[in-house]
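A closer look at the structure
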Amino acid sequence: MAAVDPARSGTPHSGPAGSGTARSALQGIGRSRFVLGLVLAVVLPPAVEVLVTLAGYRNFSIIMLLHLAVAVAVAAIGGLWPAVVAAVLGTTLLNYFSADPVGSLSIADPSTLFTLLVFLAVACSVALAVGLATRRAEEAARSGAEATALSELSLRILSSDGSLETFLEKVRSRLAVDAVTLLAGSSPAGPGSAAAGRPGRGPGSNTEWTVVASAGTSPPVTHAAADHTAVVDSRYTLLINGGPPASQPFSGQHQRMLAAFGAFLVAILERRQLVASRQDNQRLSEGNKMRTSILRAVSHDLRTPLAGIKLAVSSLRQEEVRFSPEDERELLATIEDSADRLDHLIGNLLDMSRITADSVNPLLRGLGWVDVLPDALKGLPAGRIRVEVPPNLPRVEADAGMLERVVANLVENALKYAPEADVVLTARAGEGIALAGRPASEFRVVDQGSGVAPAAVLDMFLPFQRLNDSQRTDGGRNVGIGLGLAVANGFTEAMGGTLAAEPTPGGGLTMVVTLPLWEGPLP
(Lines give C-alpha, C1' and ligand atoms only; values in the text may rest on other atoms or scores of the structure.)
Protein backbone atom coordinates (compact mmCIF):
# COMPACT_ATOMS: atom_id res chain seq x y z
CA MET A 1 0.00 0.00 0.00
CA ALA A 2 2.75 2.46 0.90
CA ALA A 3 6.12 2.15 -0.84
CA VAL A 4 8.75 4.16 1.02
CA ASP A 5 11.83 5.59 -0.67
CA PRO A 6 14.36 8.25 0.25
CA ALA A 7 13.43 11.49 -1.45
CA ARG A 8 16.85 13.07 -1.77
CA SER A 9 19.11 10.11 -2.49
CA GLY A 10 20.16 9.56 -6.09
CA THR A 11 21.68 6.08 -5.51
CA PRO A 12 20.53 3.21 -3.36
CA HIS A 13 22.40 2.48 -0.14
CA SER A 14 24.92 -0.31 -0.74
CA GLY A 15 27.49 -2.20 1.31
CA PRO A 16 29.94 -5.11 1.12
CA ALA A 17 28.80 -8.20 -0.63
CA GLY A 18 28.90 -10.34 2.49
CA SER A 19 27.18 -7.90 4.77
CA GLY A 20 23.61 -9.17 4.20
CA THR A 21 23.76 -11.78 6.95
CA ALA A 22 25.37 -9.38 9.38
CA ARG A 23 22.73 -6.75 8.67
CA SER A 24 20.02 -9.40 9.15
CA ALA A 25 21.51 -10.32 12.49
CA LEU A 26 21.77 -6.72 13.55
CA GLN A 27 18.16 -6.05 12.51
CA GLY A 28 16.97 -9.05 14.52
CA ILE A 29 19.08 -8.51 17.67
CA GLY A 30 20.19 -4.93 17.61
CA ARG A 31 23.67 -3.42 17.37
CA SER A 32 24.14 -2.86 21.11
CA ARG A 33 23.22 -6.45 22.02
CA PHE A 34 25.40 -7.77 19.19
CA VAL A 35 28.42 -5.88 20.54
CA LEU A 36 27.64 -6.97 24.10
CA GLY A 37 27.45 -10.58 22.91
CA LEU A 38 30.88 -10.32 21.25
CA VAL A 39 32.38 -8.88 24.45
CA LEU A 40 30.92 -11.70 26.54
CA ALA A 41 32.06 -14.29 23.97
CA VAL A 42 35.64 -13.09 24.44
CA VAL A 43 35.49 -12.61 28.22
CA LEU A 44 33.41 -15.51 29.60
CA PRO A 45 35.32 -18.58 28.27
CA PRO A 46 38.67 -17.41 29.75
CA ALA A 47 36.83 -16.48 32.95
CA VAL A 48 35.53 -20.06 33.22
CA GLU A 49 39.06 -21.44 32.85
CA VAL A 50 40.40 -18.99 35.41
CA LEU A 51 37.71 -19.97 37.93
CA VAL A 52 38.14 -23.72 37.57
CA THR A 53 41.93 -23.35 37.71
CA LEU A 54 41.75 -21.31 40.93
CA ALA A 55 39.36 -23.88 42.36
CA GLY A 56 41.68 -26.74 41.35
CA TYR A 57 38.84 -28.50 39.58
CA ARG A 58 39.88 -30.33 36.39
CA ASN A 59 36.85 -32.50 35.46
CA PHE A 60 36.84 -32.39 31.64
CA SER A 61 33.11 -33.16 31.22
CA ILE A 62 31.94 -30.56 33.75
CA ILE A 63 34.23 -27.87 32.29
CA MET A 64 32.91 -28.69 28.80
CA LEU A 65 29.29 -28.24 30.04
CA LEU A 66 30.26 -24.88 31.57
CA HIS A 67 31.60 -23.71 28.21
CA LEU A 68 28.39 -24.97 26.54
CA ALA A 69 26.35 -22.93 29.01
CA VAL A 70 28.48 -19.86 28.18
CA ALA A 71 27.80 -20.36 24.44
CA VAL A 72 24.04 -20.65 25.09
CA ALA A 73 24.03 -17.51 27.26
CA VAL A 74 25.99 -15.56 24.63
CA ALA A 75 23.54 -16.78 21.94
CA ALA A 76 20.57 -15.52 23.98
CA ILE A 77 22.19 -12.08 24.34
CA GLY A 78 24.08 -11.45 21.10
CA GLY A 79 22.74 -13.97 18.62
CA LEU A 80 24.45 -16.57 16.45
CA TRP A 81 27.85 -15.09 15.58
CA PRO A 82 28.91 -14.10 19.11
CA ALA A 83 27.86 -17.59 20.23
CA VAL A 84 30.02 -19.19 17.48
CA VAL A 85 32.96 -17.10 18.70
CA ALA A 86 32.30 -18.28 22.27
CA ALA A 87 32.06 -21.93 21.14
CA VAL A 88 35.31 -21.80 19.12
CA LEU A 89 37.15 -20.01 21.93
CA GLY A 90 35.75 -22.45 24.51
CA THR A 91 36.86 -25.43 22.39
CA THR A 92 40.36 -23.99 22.11
CA LEU A 93 40.61 -23.37 25.87
CA LEU A 94 39.31 -26.86 26.63
CA ASN A 95 41.98 -28.35 24.39
CA TYR A 96 44.75 -26.24 25.92
CA PHE A 97 43.87 -26.41 29.62
CA SER A 98 41.84 -29.60 30.08
CA ALA A 99 42.74 -32.12 27.35
CA ASP A 100 45.94 -34.21 27.53
CA PRO A 101 48.63 -33.10 27.05
CA VAL A 102 47.69 -30.02 29.17
CA GLY A 103 49.34 -26.77 28.10
CA SER A 104 49.48 -27.74 24.45
CA LEU A 105 47.10 -27.56 21.51
CA SER A 106 48.05 -31.07 20.39
CA ILE A 107 45.69 -33.93 21.23
CA ALA A 108 47.03 -37.31 22.31
CA ASP A 109 43.76 -39.26 22.36
CA PRO A 110 41.64 -39.33 19.14
CA SER A 111 38.50 -39.73 21.27
CA THR A 112 39.27 -36.39 22.91
CA LEU A 113 39.42 -34.78 19.44
CA PHE A 114 36.10 -36.34 18.58
CA THR A 115 34.64 -35.06 21.87
CA LEU A 116 35.87 -31.53 21.17
CA LEU A 117 34.44 -31.58 17.64
CA VAL A 118 31.09 -32.83 18.92
CA PHE A 119 31.15 -30.11 21.59
CA LEU A 120 31.82 -27.45 18.95
CA ALA A 121 29.00 -28.73 16.72
CA VAL A 122 26.55 -28.98 19.64
CA ALA A 123 27.53 -25.54 20.94
CA CYS A 124 27.04 -23.98 17.49
CA SER A 125 23.74 -25.82 16.94
CA VAL A 126 22.39 -24.81 20.34
CA ALA A 127 23.61 -21.27 19.78
CA LEU A 128 21.83 -21.19 16.39
CA ALA A 129 18.58 -22.51 17.89
CA VAL A 130 18.70 -20.14 20.85
CA GLY A 131 19.60 -17.18 18.63
CA LEU A 132 16.75 -17.92 16.21
CA ALA A 133 14.30 -18.42 19.07
CA THR A 134 15.38 -15.15 20.64
CA ARG A 135 15.06 -13.33 17.34
CA ARG A 136 11.62 -14.83 16.66
CA ALA A 137 10.46 -13.87 20.16
CA GLU A 138 11.66 -10.32 19.66
CA GLU A 139 10.04 -10.11 16.22
CA ALA A 140 6.80 -11.44 17.71
CA ALA A 141 7.02 -8.83 20.46
CA ARG A 142 7.60 -6.09 17.86
CA SER A 143 4.71 -7.38 15.76
CA GLY A 144 2.50 -7.37 18.84
CA ALA A 145 3.58 -3.83 19.60
CA GLU A 146 2.84 -2.81 16.00
CA ALA A 147 -0.59 -4.45 16.15
CA THR A 148 -1.31 -2.72 19.45
CA ALA A 149 -0.18 0.62 18.03
CA LEU A 150 -2.33 0.19 14.92
CA SER A 151 -5.30 -0.90 17.02
CA GLU A 152 -4.94 2.14 19.26
CA LEU A 153 -4.54 4.34 16.19
CA SER A 154 -7.67 2.94 14.55
CA LEU A 155 -9.68 3.45 17.74
CA ARG A 156 -8.43 7.03 18.03
CA ILE A 157 -9.26 7.67 14.39
CA LEU A 158 -12.78 6.30 14.79
CA SER A 159 -13.30 8.41 17.93
CA SER A 160 -11.76 11.57 16.41
CA ASP A 161 -13.41 14.21 14.24
CA GLY A 162 -12.43 12.28 11.10
CA SER A 163 -10.31 15.10 9.65
CA LEU A 164 -7.18 14.36 7.66
CA GLU A 165 -5.16 16.77 9.80
CA THR A 166 -5.99 14.76 12.94
CA PHE A 167 -5.04 11.51 11.20
CA LEU A 168 -1.73 12.90 9.88
CA GLU A 169 -0.84 14.25 13.32
CA LYS A 170 -1.30 10.77 14.79
CA VAL A 171 0.86 9.30 12.01
CA ARG A 172 3.55 11.92 12.64
CA SER A 173 3.65 11.27 16.40
CA ARG A 174 3.63 7.47 15.93
CA LEU A 175 6.54 7.57 13.45
CA ALA A 176 8.40 10.21 15.53
CA VAL A 177 8.98 12.45 12.51
CA ASP A 178 8.92 16.25 12.22
CA ALA A 179 6.23 16.81 9.59
CA VAL A 180 3.92 14.92 7.24
CA THR A 181 2.11 16.22 4.13
CA LEU A 182 -0.50 14.45 1.99
CA LEU A 183 -0.39 15.25 -1.74
CA ALA A 184 -3.05 14.42 -4.30
CA GLY A 185 -1.86 13.94 -7.87
CA SER A 186 -3.75 14.66 -11.07
CA SER A 187 -2.88 14.73 -14.76
CA PRO A 188 -2.26 18.14 -16.35
CA ALA A 189 -5.14 19.76 -18.21
CA GLY A 190 -3.44 19.87 -21.59
CA PRO A 191 -1.39 17.21 -23.35
CA GLY A 192 1.49 19.62 -23.85
CA SER A 193 1.66 20.95 -20.33
CA ALA A 194 5.19 21.24 -18.97
CA ALA A 195 5.39 20.19 -15.35
CA ALA A 196 9.04 19.73 -14.53
CA GLY A 197 10.42 22.18 -12.05
CA ARG A 198 7.07 23.76 -11.11
CA PRO A 199 6.00 23.92 -7.44
CA GLY A 200 4.00 20.96 -6.26
CA ARG A 201 5.28 18.56 -8.94
CA GLY A 202 7.54 15.59 -8.54
CA PRO A 203 10.92 15.62 -10.29
CA GLY A 204 10.63 14.49 -13.89
CA SER A 205 6.89 13.93 -13.60
CA ASN A 206 3.95 15.45 -15.50
CA THR A 207 1.65 14.92 -12.54
CA GLU A 208 0.28 18.00 -10.83
CA TRP A 209 0.38 17.68 -7.03
CA THR A 210 -1.96 19.48 -4.64
CA VAL A 211 -1.55 19.68 -0.87
CA VAL A 212 -4.57 17.99 0.76
CA ALA A 213 -3.55 18.17 4.42
CA SER A 214 -0.43 18.43 6.57
CA ALA A 215 0.77 18.11 10.17
CA GLY A 216 3.87 19.13 12.09
CA THR A 217 6.26 22.07 11.87
CA SER A 218 7.26 23.36 8.41
CA PRO A 219 5.68 20.49 6.46
CA PRO A 220 7.14 19.89 2.98
CA VAL A 221 5.00 20.83 -0.02
CA THR A 222 7.17 19.42 -2.82
CA HIS A 223 9.01 16.17 -3.36
CA ALA A 224 12.35 17.98 -3.41
CA ALA A 225 11.73 19.47 0.04
CA ALA A 226 10.92 16.10 1.67
CA ASP A 227 13.33 13.67 3.29
CA HIS A 228 11.17 10.65 2.41
CA THR A 229 8.14 9.87 0.27
CA ALA A 230 5.54 7.15 0.81
CA VAL A 231 3.28 6.24 -2.12
CA VAL A 232 -0.15 5.54 -0.64
CA ASP A 233 -1.84 4.57 -3.91
CA SER A 234 -1.88 5.67 -7.55
CA ARG A 235 -3.16 9.14 -6.60
CA TYR A 236 -1.97 10.00 -3.08
CA THR A 237 1.59 10.39 -1.76
CA LEU A 238 2.93 11.21 1.71
CA LEU A 239 5.88 13.57 2.09
CA ILE A 240 7.84 13.09 5.32
CA ASN A 241 10.47 15.24 7.01
CA GLY A 242 12.52 13.73 9.83
CA GLY A 243 13.12 10.11 10.77
CA PRO A 244 16.20 8.32 9.40
CA PRO A 245 18.74 10.22 7.25
CA ALA A 246 17.49 11.15 3.81
CA SER A 247 19.85 8.63 2.16
CA GLN A 248 18.46 5.68 4.16
CA PRO A 249 14.98 4.12 4.02
CA PHE A 250 12.73 3.55 6.99
CA SER A 251 13.15 0.36 8.96
CA GLY A 252 11.00 -2.64 8.14
CA GLN A 253 8.83 -1.97 11.18
CA HIS A 254 8.16 1.62 10.12
CA GLN A 255 7.51 0.53 6.53
CA ARG A 256 4.87 -1.92 7.72
CA MET A 257 3.31 0.79 9.87
CA LEU A 258 3.34 3.17 6.90
CA ALA A 259 1.59 0.55 4.80
CA ALA A 260 -1.11 0.23 7.46
CA PHE A 261 -1.36 4.01 7.75
CA GLY A 262 -1.80 4.16 3.98
CA ALA A 263 -4.70 1.72 4.18
CA PHE A 264 -6.31 3.82 6.92
CA LEU A 265 -5.74 6.94 4.87
CA VAL A 266 -7.39 5.50 1.79
CA ALA A 267 -10.32 4.37 3.95
CA ILE A 268 -10.72 7.89 5.39
CA LEU A 269 -10.59 9.48 1.93
CA GLU A 270 -13.08 7.00 0.52
CA ARG A 271 -15.38 7.56 3.50
CA ARG A 272 -15.25 11.32 2.93
CA GLN A 273 -16.00 10.83 -0.75
CA LEU A 274 -18.93 8.56 0.07
CA VAL A 275 -20.31 11.07 2.56
CA ALA A 276 -19.95 13.90 0.03
CA SER A 277 -21.55 11.76 -2.67
CA ARG A 278 -24.45 10.86 -0.37
CA GLN A 279 -24.97 14.53 0.51
CA ASP A 280 -24.89 15.49 -3.16
CA ASN A 281 -27.40 12.76 -3.99
CA GLN A 282 -29.61 13.90 -1.14
CA ARG A 283 -29.48 17.50 -2.36
CA LEU A 284 -30.27 16.36 -5.90
CA SER A 285 -33.18 14.29 -4.63
CA GLU A 286 -34.52 17.21 -2.62
CA GLY A 287 -34.03 19.52 -5.59
CA ASN A 288 -35.89 17.13 -7.89
CA LYS A 289 -38.69 16.86 -5.36
CA MET A 290 -38.82 20.63 -5.05
CA ARG A 291 -38.92 21.10 -8.82
CA THR A 292 -41.65 18.49 -9.16
CA SER A 293 -43.70 20.17 -6.45
CA ILE A 294 -43.18 23.60 -8.01
CA LEU A 295 -44.31 22.28 -11.38
CA ARG A 296 -47.38 20.81 -9.71
CA ALA A 297 -48.06 24.11 -7.98
CA VAL A 298 -47.57 26.09 -11.18
CA SER A 299 -49.77 23.72 -13.14
CA HIS A 300 -52.70 24.07 -10.74
CA ASP A 301 -52.48 26.42 -7.78
CA LEU A 302 -50.80 29.30 -9.61
CA ARG A 303 -53.00 28.93 -12.67
CA THR A 304 -56.18 29.26 -10.60
CA PRO A 305 -55.72 32.97 -9.73
CA LEU A 306 -54.42 33.63 -13.23
CA ALA A 307 -57.55 32.07 -14.67
CA GLY A 308 -59.70 34.24 -12.36
CA ILE A 309 -57.87 37.40 -13.44
CA LYS A 310 -58.14 36.51 -17.15
CA LEU A 311 -61.83 35.67 -16.85
CA ALA A 312 -62.66 38.93 -15.06
CA VAL A 313 -60.60 41.06 -17.48
CA SER A 314 -62.10 39.31 -20.52
CA SER A 315 -65.59 39.95 -19.17
CA LEU A 316 -64.91 43.63 -18.59
CA ARG A 317 -63.52 44.06 -22.11
CA GLN A 318 -66.63 42.69 -23.84
CA GLU A 319 -68.16 45.75 -25.53
CA GLU A 320 -71.45 44.06 -26.34
CA VAL A 321 -72.11 43.32 -22.67
CA ARG A 322 -72.93 46.14 -20.27
CA PHE A 323 -72.33 45.37 -16.58
CA SER A 324 -73.98 47.11 -13.71
CA PRO A 325 -71.73 49.07 -11.31
CA GLU A 326 -72.14 46.29 -8.72
CA ASP A 327 -71.04 43.61 -11.23
CA GLU A 328 -68.06 45.70 -12.28
CA ARG A 329 -66.99 46.17 -8.64
CA GLU A 330 -67.33 42.42 -8.11
CA LEU A 331 -65.20 41.64 -11.15
CA LEU A 332 -62.57 44.19 -10.08
CA ALA A 333 -62.57 42.72 -6.58
CA THR A 334 -62.00 39.29 -8.13
CA ILE A 335 -59.02 40.66 -10.06
CA GLU A 336 -57.56 42.25 -6.91
CA ASP A 337 -58.14 39.16 -4.77
CA SER A 338 -56.59 36.86 -7.39
CA ALA A 339 -53.61 39.19 -7.84
CA ASP A 340 -53.04 39.32 -4.08
CA ARG A 341 -53.28 35.56 -3.87
CA LEU A 342 -50.88 35.16 -6.80
CA ASP A 343 -48.42 37.59 -5.19
CA HIS A 344 -48.59 35.66 -1.91
CA LEU A 345 -48.03 32.28 -3.60
CA ILE A 346 -45.06 33.54 -5.64
CA GLY A 347 -43.58 35.16 -2.53
CA ASN A 348 -43.76 31.86 -0.64
CA LEU A 349 -42.20 30.01 -3.57
CA LEU A 350 -39.29 32.45 -3.70
CA ASP A 351 -38.83 32.32 0.07
CA MET A 352 -38.82 28.52 0.02
CA SER A 353 -36.22 28.46 -2.75
CA ARG A 354 -33.99 30.75 -0.65
CA ILE A 355 -34.38 28.49 2.37
CA THR A 356 -33.64 25.37 0.35
CA ALA A 357 -30.51 26.98 -1.14
CA ASP A 358 -29.25 28.07 2.33
CA SER A 359 -29.12 31.66 1.12
CA VAL A 360 -31.15 33.21 3.96
CA ASN A 361 -29.07 35.83 5.81
CA PRO A 362 -31.14 37.52 8.52
CA LEU A 363 -30.37 41.06 9.69
CA LEU A 364 -30.96 40.64 13.41
CA ARG A 365 -31.91 43.55 15.66
CA GLY A 366 -34.13 44.21 18.66
CA LEU A 367 -37.85 44.06 17.77
CA GLY A 368 -41.06 43.97 19.72
CA TRP A 369 -43.80 41.55 18.74
CA VAL A 370 -46.24 44.41 18.32
CA ASP A 371 -43.85 46.21 15.94
CA VAL A 372 -44.44 43.71 13.12
CA LEU A 373 -48.18 43.12 13.60
CA PRO A 374 -49.50 46.05 11.50
CA ASP A 375 -47.67 44.95 8.33
CA ALA A 376 -48.07 41.23 9.04
CA LEU A 377 -51.88 41.49 9.42
CA LYS A 378 -52.39 43.77 6.45
CA GLY A 379 -54.99 42.36 4.07
CA LEU A 380 -56.32 39.83 6.59
CA PRO A 381 -59.85 40.03 8.04
CA ALA A 382 -59.38 42.20 11.13
CA GLY A 383 -62.75 41.17 12.56
CA ARG A 384 -61.54 37.59 13.07
CA ILE A 385 -58.20 38.45 14.71
CA ARG A 386 -57.90 39.28 18.42
CA VAL A 387 -54.56 40.79 19.42
CA GLU A 388 -53.81 40.21 23.12
CA VAL A 389 -50.06 40.93 23.08
CA PRO A 390 -48.84 42.94 26.11
CA PRO A 391 -47.17 46.17 24.91
CA ASN A 392 -44.35 46.12 27.48
CA LEU A 393 -42.70 42.81 26.60
CA PRO A 394 -38.90 42.82 26.11
CA ARG A 395 -37.62 42.93 22.56
CA VAL A 396 -36.61 39.77 20.71
CA GLU A 397 -33.68 39.18 18.36
CA ALA A 398 -35.19 39.01 14.89
CA ASP A 399 -35.16 40.20 11.30
CA ALA A 400 -38.10 42.52 10.69
CA GLY A 401 -39.01 41.21 7.22
CA MET A 402 -38.67 37.55 8.19
CA LEU A 403 -40.62 37.92 11.43
CA GLU A 404 -43.39 39.75 9.56
CA ARG A 405 -43.62 36.87 7.05
CA VAL A 406 -43.61 34.28 9.87
CA VAL A 407 -46.51 35.98 11.69
CA ALA A 408 -48.44 36.57 8.45
CA ASN A 409 -48.14 32.94 7.33
CA LEU A 410 -49.14 31.57 10.75
CA VAL A 411 -52.17 33.83 11.07
CA GLU A 412 -53.28 33.16 7.48
CA ASN A 413 -52.91 29.43 8.05
CA ALA A 414 -55.00 29.62 11.23
CA LEU A 415 -57.72 31.63 9.49
CA LYS A 416 -57.96 29.09 6.67
CA TYR A 417 -58.18 26.01 8.86
CA ALA A 418 -60.46 27.55 11.49
CA PRO A 419 -62.98 29.39 9.29
CA GLU A 420 -65.67 29.61 11.96
CA ALA A 421 -63.60 30.83 14.92
CA ASP A 422 -61.47 33.82 15.84
CA VAL A 423 -57.67 33.67 15.91
CA VAL A 424 -56.04 34.92 19.12
CA LEU A 425 -52.51 36.37 19.17
CA THR A 426 -50.68 36.33 22.52
CA ALA A 427 -47.09 36.64 23.70
CA ARG A 428 -45.18 36.23 26.93
CA ALA A 429 -41.66 36.25 28.38
CA GLY A 430 -40.17 35.48 31.73
CA GLU A 431 -39.08 32.60 33.91
CA GLY A 432 -39.11 29.18 32.31
CA ILE A 433 -38.83 30.46 28.74
CA ALA A 434 -35.32 29.90 27.37
CA LEU A 435 -33.65 28.95 24.13
CA ALA A 436 -30.20 27.29 24.13
CA GLY A 437 -29.53 28.68 27.60
CA ARG A 438 -30.59 32.22 26.67
CA PRO A 439 -33.73 33.98 27.94
CA ALA A 440 -36.43 34.01 25.28
CA SER A 441 -39.96 35.13 24.48
CA GLU A 442 -42.91 33.26 22.96
CA PHE A 443 -45.48 34.38 20.41
CA ARG A 444 -48.62 32.25 20.12
CA VAL A 445 -51.19 32.00 17.33
CA VAL A 446 -54.22 30.23 18.82
CA ASP A 447 -57.14 28.88 16.79
CA GLN A 448 -60.18 26.78 17.68
CA GLY A 449 -60.25 24.74 14.48
CA SER A 450 -60.22 21.01 13.93
CA GLY A 451 -56.62 20.63 15.11
CA VAL A 452 -53.96 18.26 13.81
CA ALA A 453 -53.26 14.67 14.77
CA PRO A 454 -49.96 14.23 16.69
CA ALA A 455 -48.59 11.93 13.98
CA ALA A 456 -49.09 14.64 11.34
CA VAL A 457 -47.41 17.51 13.24
CA LEU A 458 -43.95 16.96 11.74
CA ASP A 459 -45.35 16.70 8.21
CA MET A 460 -46.96 20.12 8.62
CA PHE A 461 -43.58 21.84 8.29
CA LEU A 462 -42.59 20.07 5.07
CA PRO A 463 -42.84 22.03 1.80
CA PHE A 464 -45.97 21.48 -0.33
CA GLN A 465 -47.85 19.70 2.47
CA ARG A 466 -51.44 20.61 3.34
CA LEU A 467 -53.71 19.24 6.01
CA ASN A 468 -54.81 15.82 4.69
CA ASP A 469 -53.25 17.10 1.44
CA SER A 470 -56.73 17.55 0.01
CA GLN A 471 -58.70 19.81 2.34
CA ARG A 472 -60.64 22.63 0.69
CA THR A 473 -62.13 25.71 2.28
CA ASP A 474 -63.57 29.03 1.19
CA GLY A 475 -66.19 27.60 -1.10
CA GLY A 476 -64.18 24.64 -2.32
CA ARG A 477 -60.97 26.50 -3.33
CA ASN A 478 -57.63 25.03 -2.38
CA VAL A 479 -56.18 26.67 0.73
CA GLY A 480 -52.74 27.08 -0.88
CA ILE A 481 -49.75 25.15 -2.12
CA GLY A 482 -48.58 24.14 1.37
CA LEU A 483 -45.60 26.46 1.77
CA GLY A 484 -46.76 28.79 4.54
CA LEU A 485 -45.63 26.73 7.54
CA ALA A 486 -42.45 25.54 5.74
CA VAL A 487 -41.43 29.16 5.07
CA ALA A 488 -42.34 30.21 8.62
CA ASN A 489 -40.31 27.36 10.08
CA GLY A 490 -37.30 28.07 7.82
CA PHE A 491 -37.28 31.80 8.65
CA THR A 492 -37.69 31.11 12.38
CA GLU A 493 -34.73 28.71 12.41
CA ALA A 494 -32.66 31.19 10.36
CA MET A 495 -33.24 33.77 13.12
CA GLY A 496 -32.08 31.30 15.78
CA GLY A 497 -35.55 30.42 17.05
CA THR A 498 -37.98 27.52 17.03
CA LEU A 499 -41.49 26.96 15.72
CA ALA A 500 -43.64 24.34 17.43
CA ALA A 501 -47.26 23.19 17.32
CA GLU A 502 -49.36 22.49 20.43
CA PRO A 503 -52.97 21.40 20.80
CA THR A 504 -55.30 24.19 21.92
CA PRO A 505 -57.29 23.37 25.07
CA GLY A 506 -60.85 22.66 23.95
CA GLY A 507 -59.76 21.85 20.39
CA GLY A 508 -57.70 23.49 17.72
CA LEU A 509 -54.03 24.22 17.17
CA THR A 510 -51.59 26.68 18.73
CA MET A 511 -48.45 27.66 16.85
CA VAL A 512 -45.62 28.82 19.17
CA VAL A 513 -42.73 30.96 17.90
CA THR A 514 -39.81 31.18 20.35
CA LEU A 515 -37.02 33.71 19.79
CA PRO A 516 -34.13 34.74 22.06
CA LEU A 517 -34.34 38.11 23.76
CA TRP A 518 -32.36 40.99 22.32
CA GLU A 519 -29.21 41.63 24.37
CA GLY A 520 -27.82 44.54 22.38
CA PRO A 521 -28.38 48.28 22.78
CA LEU A 522 -31.91 49.59 22.35
CA PRO A 523 -32.60 52.00 19.49
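Our subject in this report is the structure included herewith. These numbers come from a predicted model, not from an experiment.

1. Quick word on the packing of helix α2 (residues 31-55) against helix α4 (residues 80-97)
At a minimum axis separation of 8 Å, α2 and α4 run at an interaxial angle of 15°. Classified by the angle between their axes, α2 and α4 sit roughly parallel to one another. For the pair α2 and α4, the crossing hand works out as right-handed. In this structure, α2 uses Phe34, Gly37, Leu38, Ala41, Val42, Pro45, Pro46 and Glu49 to contact α4, whose residues at the interface are Trp81, Pro82, Val85, Ala86, Leu89, Gly90, Leu93, Leu94 and Phe97. Here the contact of α2 with α4 is composed, by residue class, of 14 nonpolar, two polar and one charged.

2. Overview of the packing of aromatic side chains
A full pass over the atoms with the stated rule returns one aromatic pair. With centroids separated by 5.1 Å and ring planes inclined at 25°, the aromatic side chains of Trp369 and Phe443 adopt a geometry described as stacked. Taken together, the residues span a long stretch of sequence, with Trp369 in helix α10 (residues 369-376) and Phe443 in strand β10 (residues 438-446) at a distance of 74 residues. As far as burial versus exposure is concerned, Trp369 and Phe443 are alike and both buried.

3. Examining the pattern of salt bridges
Pairing between side chains of opposite charge can happen when their charged atoms approach one another. Taken as a whole and judged by the stated rule, the model has eleven salt bridges. Ionic pairing is found between Arg172 and Glu169, a salt bridge with its closest N-O pair at 2.7 Å. Here Glu169 and Arg172 lie together in helix α6 (residues 164-175), a separation of three residues that amounts to about one turn. Taking the shortest distance from any N to any O, the salt bridge between Lys416 and Glu412 comes out at 3.2 Å. Placement of the pair is Lys416 and Glu412 together in helix α11 (residues 400-417), with a separation of four residues, close to one helical turn. Residues joined in a network through salt bridges with shared partners are Arg428, Glu442, Arg444 and Glu502.

4. Focus on the side chain of Arg444
Mapping Arg444 onto the fold places it in strand β10. Overall, Arg444 belongs to the buried group, its relative accessible area being 18%. Among the polar contacts listed, one links the side chain of Arg444 to the side chain of Glu442, at a separation of 3.2 Å. Beyond its immediate stretch of four places on either side in the chain, Arg444 contacts Val424, Leu425, Thr426, Arg428, Glu502, Thr510, Met511 and Val512.

Criteria and thresholds
- Residues numbered from 1 in each chain as written.
- Predicted model: local features only at pLDDT ≥ 70, side-chain atom pairs only at ≥ 80, totals over all residues.
- Heavy atoms only, no water.
- Axes fitted to C-alpha atoms, helices over the stretch in contact; angles between N-to-C directions.
- Helix = DSSP H or I, 4+ residues; strand = E, 2+ residues; numbered from the N terminus.
- Parallel < 35°, antiparallel > 145°, perpendicular 65-115°, else oblique.
- Left-handed = near helix turned anticlockwise from the far one by under 90°.
- Contact = heavy atoms within 4.5 Å.
- Nonpolar A, V, L, I, M, F, W, Y, C, P; charged D, E, K, R; others polar.
- Phe/Tyr/Trp six-rings, centres within 6.5 Å; stacked < 30°, edge-to-face > 60°.
- Buried < 20%, exposed > 50% of the residue type's maximum accessible area, 1.4 Å probe, protein only.
- Salt bridge = Lys/Arg side-chain N within 4 Å of Asp/Glu carboxyl O.
- Polar contact = N/O pair within 3.5 Å; in protein donor to acceptor, adjacent residues only side chain to side chain.

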